[in-house]
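Analysis of the macromolecular model
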Amino acid sequence: MSQSTTREDRFAHGLEVLRRVDGEAGQRVVDSLADINPELGHQIVAWAFGEMYDRSALAPRDRQLVTLGMLTALGGCELELDVHVNAALNVGLTPEQIVEALLHSAVYCGIPRALNATLAAKKVFAERGLLPLGQQPTAGSAATA
């Protein structure tokens, strides 16, 4: 986007990016702000998606991995995790990759926050018919030859 675009142009571009990445989940968040803080909805669309999310230095899947990690670290972001787990699936991450990123976050964010993020992801996976995920061997199980 060029610096000479109008407010409406930035919003239209951001809405295109939001729909491509978040689908209906992102639109629901923006719609939920219409009667209380439409300017926040505008900024989410125009700035967060139209300007920041659409930068070319990181691929959308990489942006989602970073976003999942930051939302997990913040804690209390289950609504946003719902949207961004959906977005992560939409941009090509697999459920297993998302779970692995959330497992990895336990090292840096703590188990309670990783657990909350994992349960938010589980809700999205269930809604999308993606459960159960493949069973991982436990530490005590032995491989048979």
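See the structure above.
Note that this is a predicted model, so its numbers are computed, not measured.

Re the nonpolar core
Leu-68, Leu-81, Val-85, Ile-98, Ala-121 and Phe-125 are the most contacted members of the largest nonpolar core, which has 15 residues in total. At the level of secondary structure, the elements contributing two or more residues to this core comprise helix H4 (60-74), helix H5 (78-90), helix H6 (95-109) and helix H7 (111-127). Ranked by residues supplied to this core, first place goes to H7 with 5 residues. Setting aside residues no more than four positions away along its own chain, Ala-121 makes contact with Val-85, Ile-98 and Leu-102. Leu-15, Leu-18, Val-21 and Val-45 belong to the second-largest nonpolar core, a separate cluster that totals 9 residues.

Describing the layout of surface pockets
A volume near 590 Å³ is recorded for the largest pocket. In terms of lining residues, the largest pocket is bounded by 21 residues, among which Ala-48, Phe-49, Tyr-53, Thr-67 and His-84 are the most central. At the level of elements, helix H1 (7-22), helix H2 (24-32), helix H3 (38-53), H4 and H5 are the ones that each hand at least two residues to the lining of the largest pocket. Among the elements that take part in the lining of the largest pocket, H3 stands out by supplying 6 residues, more than any other. Here the residues of the lining of the largest pocket are counted per class, giving 15 nonpolar, 3 polar and 3 charged.

What counts and how
- Residues numbered from 1 in each chain as written.
- Predicted model: local features only at pLDDT ≥ 70, side-chain atom pairs only at ≥ 80, totals over all residues.
- Heavy atoms only, no water.
- Core = buried A, V, L, I, M, F, W, Y, C linked by side-chain atoms within 4.5 Å.
- Buried < 20%, exposed > 50% of the residue type's maximum accessible area, 1.4 Å probe, protein only.
- Helix = DSSP H or I, 4+ residues; strand = E, 2+ residues; numbered from the N terminus.
- Contact = heavy atoms within 4.5 Å.
- 1 Å grid on protein atoms, 1.4 Å probe; cavity = no way out; pocket = protein on both sides within 12 Å on 5 of 7 lines; lining within 4 Å.
- Points joined across faces, edges and corners; volume = space filled by probe spheres on them.
- Nonpolar A, V, L, I, M, F, W, Y, C, P; charged D, E, K, R; others polar.

Take it as geometry only, folks, not as evidence of what the structure does.
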